[in-house]
Structure formats: structure tokens, C-alpha cells
Amino acid sequence: MAVLHKEYIKFNKEIKLSTKKKDSLKTSRKELRKKIRKWFEENKPKEIQPKFTSQGSIEMNTCINPISTENDDGTKQYKYDLDDGVYFIEVKGEDNKRAIDTWHDWVFESVDNHTGVPSKRKTTCVRVIFADGHHIDLPIYYKKDGTIELAHRSKSWTVSDPKEFYEWFNKKKNPQIERIVRYLKAWKNFRENKNTNLKLPSGFELTILAVNNYKSDDNDDKSFIETIKKINKELNRDKGFKCLLPTTPKNQDTFADYSETRKNGFLTTLNSLNNDLDRAKDESNFKTASEILINNQFGTRFPKGEDKTDSGKSNSLKKSLGSAIIPPKPYGN
Ligand SMILES: [Mg+2]
């Protein structure tokens, strides 16, 4: 059995967001906030002014470096994904709540021409895309008497509390859980790049699955295998295909709207990960074991192991030799 803990730790270094990159993304977010504030100051009355709260993986330390892709003109794209909540808070005694589309229109207008790349109207946010490929999602919230609702364009106002979610995660997490979430996100990134029709669960959903099924171990490879096995088992149980929100709106199933195609695509891909992790575990040569993961699951960001056999603990070797063959003792009796 080739233990790949060392390789996983190297992989983590490769995919983890560096402080420098984090700072540059935060600067980009700050500039965008400035632009939105300015637009509202100039165009809307003072009781309709936005506040901002950063949310998502950047607040949980689980943001990863995406695999670069290329534009038609050959420029490199790095699709970093940031989320910045735009909040409108009801002024006492004054009902400022507008139609959902009105809020979306205003925020969309406020970021117009900020980057030279057209922004996108999504169901749950306005997405601002930058020339280097990174984007900032702007979900819009309305807060009244302590209740926060998301302006959801297909479901209407939806009770939501993103801050509660990252606080939940930050209470549960330890450095290994953070790494497990990053490995899962890097896996999603590689698999979706390889097959553009595949739509795996969001990073948010993978985070919930990882936390709920986390198995700790001294070695990251063992922890990752055991966590994946548990997720796989849970989801494949009868009526087990669920991802329940741990925070407001509590116990809502985020997989409820998945199409059969999306569900099957995820289960098949997860199963392939599960099987390859098993194969890598049974492999006695470090290089061969790592190549299984490189080729099918993580891509070349996962480091190649040494071309060396861990013969002492080799499961596959023992299996292939069979128990009847007992190696001679080096010194006899
Ligand atoms: Mg996003």
C-alpha cells in the first residue's frame, strides 16, 4: 500500500489560495463595492443604499486556485469565484422593499461597464466578470426585523443567512477538513474541465457533504478515502440523495431541484473517484498510485509519487503472491 499523504499535502499547497492572490481578489472586490456605492449615492435616495458582507469560500479559507483555461484569442483565464452579498436594510417605518427584478436591475446597472466584460444576470445574483476570468457574484438581500431574504428570481424571496453558514463551517472545521474540502473542489474543477457537460454539486454543497461525512486520520489520503466512501454510501442509500442545509433555511434539501441527469452524473463521477481511490490504495508503487489519481481525478496538479515500491505493506503484492507462499527467513533456524 502506497501511502500518498505527502503527495496530498503537496497538492494542497498547489491548489490553496496564496495570501498574495487573496489580497488581489479582495482589492478587486473593494473596487467593485466602491462603484456600486457611488451609483446608488448618485441615483437613489439615502434610505436605499447598499451594505456589503463578504461570503463564500474566501471566508472559510477553502477557496482554491482554478485550473487555467484559454480564451478563443489564447489569453489565459483564471476563474476564481468570489461572492459578495449586497444588503438593503429596511429603514424603520419605511417600506423600501421593491420587486425582485427591480433590485436585480439596479445592481446590474450599478456595475455596468466596470470591467469591459458584460455582466450576467443569474437567478440568485448578478455576476461581474473580469478580463482575467475571475468573477464576483453579487447576491442581493433585503433585511427586515432581523430576517434576511435573498432576492431569488425564480423562487421569489427566500429566507437565507450566508453569514450563519460560514460561521457554522468555521466552528466545525479543522485544518484537515479545510484540506478535504479543497481536494473535493479541485476534483470538481478537473472533472468538469474534462467533460464540459458535467455539472457536479457546487463548492457550497460539497462543503456540507464533506463536513457531515468527515473521517479524521493522521494521513490525508486515508481521511479523504474514508470521507468519500461515507458520502458515496450515504447518497446511494434508498432516498439518501440529499444535501440538507445546516443553517437557515435549516434542513432544506439543496439537491431537491437536481435533474436525473445531474444526479446520475454526480453519482457516477463520485463512484469513479471512490474506485480510483481504492485502486491507488491497493497499489504498492507510489508513482503508479499517484498516476491513477492524476489521470482520472485530479490532473497534473497532483504530484507524481516516487517510482518506488512500498513492498513491506503491499496489499496487492500479498494478494498476488497468495498466502501459501511464505518468504524464507533471512537467517534460517
Ligand atoms: Mg459564486
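Quick word on the pattern of salt bridges
Part 1: Counted under the stated rule, the structure contains 21 salt bridges.
Part 2: One salt bridge connects Arg153 with Asp101, and the closest N-O pair in it is separated by 3.5 Å. Highlighted residues: Arg153 in the loop between β9 (147-152) and β10 (156-159) and Asp101 in helix α3 (residues 100-110), separated in sequence by 52 residues.
Part 3: Between Asp257 and Lys155 there is a salt bridge whose closest N-O contact spans 3.3 Å. With a gap of 102 residues between them, Asp257 in the loop between α7 (220-236) and α8 (260-282) and Lys155 in the loop between β9 and β10 connect regions that are remote in the sequence.
Part 4: For Lys155, a relative accessible area of 45% puts it in the partly exposed group.

A few points about the confidence of the model for the protein chain
Part 1: With 93% of its residues at a pLDDT of 70 or more, the protein chain shows a mean pLDDT of 92.
Part 2: The low-confidence segment residues 313-326, where pLDDT is below 50, has ten contacts with residues more than four positions distant or belonging to other chains.
Part 3: Below a pLDDT of 50 lies the segment residues 328-333, which in the model reaches zero contacts outside its immediate sequence neighbourhood of four places, other chains included.

Examining the pairing of strand β4 (residues 81-89)
Part 1: Most of β4 is tucked away, with seven of its nine residues classed as buried.
Part 2: Across five bridges, the pairing between strand β1 (residues 51-55) and β4 is antiparallel. Bridging across to β4, Ser54 finds its partner in Asp84.
Part 3: In the sheet, β4 pairs with strand β7 (residues 135-138) via three bridges, with the strands oriented parallel. Its bridge partner lying in β7, Asp83 is registered against Asp137.
Part 4: Bridge count between β4 and strand β8 (residues 140-144): four bridges; the pairing is parallel. Paired with Val86 across the two strands is Ile140, which belongs to β8.

Quick notes on the pairing of β10
Part 1: Pairing between β9 and β10: four bridges, direction antiparallel. Paired with His152 across the bridge in β10 is Ser156.
Part 2: Hairpin remark: β9 followed by β10, antiparallel, with three residues in the connecting loop.

A short note on helix α2 (residues 19-43)
Part 1: If you check α2, its first and last C-alpha atoms are 36 Å apart, about what 25 residues at 1.5 Å a residue would give, namely 36 Å.
Part 2: Tucked inside the fold, the buried residues of α2 contact β1, β4, α3, β6 (126-129) and β7.

Focus on the domain arrangement of the protein chain
Part 1: Along its sequence, the protein chain is carved into domain 1 (5-14 + 167-321) and domain 2 (16-160).
Part 2: The straight-line distance from the C-alpha centre of domain 1 to that of domain 2 is 30 Å.
Part 3: On the domain 2 side, the residues contacting the 18 residues of domain 1 number 15 residues.
Part 4: Taken together, the two surfaces of domain 1 and domain 2 that pack against each other cover about 1,400 Å², and 52% of this comes from carbon and sulfur.
Part 5: Per-residue buried area on domain 1 facing domain 2 is highest for Arg182, Lys185 and Arg301; these three make up 33% of the total on that side.
Part 6: For the side of domain 1 that touches domain 2, the leading source of residues is helix α5 (residues 175-194), giving eight residues.
Part 7: Residue composition of the side of domain 1 that touches domain 2, by class: five nonpolar, five polar and eight charged.

Regarding the nonpolar core
Part 1: If you look at the biggest cluster of nonpolar residues, it comprises 48 residues, and the most contacted ones within it are Tyr8, Phe224, Leu235 and Phe266.
Part 2: Counting residues per element, the ones that place at least two in this core are α1 (5-15), α4 (162-172), α5, α6 (203-213), α7, α8 and α9 (286-298).
Part 3: Residue contributions to this core peak at seven residues, all from α5.
Part 4: Setting aside residues up to four positions removed in sequence, Leu235 forms contacts with Leu209, Gly240, Phe241, Lys242, Phe255, Phe266, Leu267 and Leu270.

Examining the state of the cysteines
Part 1: Inspection of the entire model under this criterion finds zero disulfides.
Part 2: The structure places no disulfide on Cys125, whose sulfur is separated from the nearest cysteine sulfur, that of Cys63, by 15 Å.
Part 3: There is no disulfide at Cys243, and the cysteine sulfur nearest it, in Cys125, is 19 Å away.

Cut-offs applied
Residues numbered from 1 in each chain as written. Predicted model: local features only at pLDDT ≥ 70, side-chain atom pairs only at ≥ 80, totals over all residues. Heavy atoms only, no water. Salt bridge = Lys/Arg side-chain N within 4 Å of Asp/Glu carboxyl O. Helix = DSSP H or I, 4+ residues; strand = E, 2+ residues; numbered from the N terminus. Buried < 20%, exposed > 50% of the residue type's maximum accessible area, 1.4 Å probe, protein only. pLDDT = per-residue confidence, 0-100. Contact = heavy atoms within 4.5 Å. Pairing = 2+ DSSP bridges. Expected span 1.5 Å × (residues − 1). Domains from an automatic or database assignment. Buried area = accessible area lost by both parts, 1.4 Å probe. Nonpolar A, V, L, I, M, F, W, Y, C, P; charged D, E, K, R; others polar. Core = buried A, V, L, I, M, F, W, Y, C linked by side-chain atoms within 4.5 Å. Disulfide = S-S within 2.5 Å.

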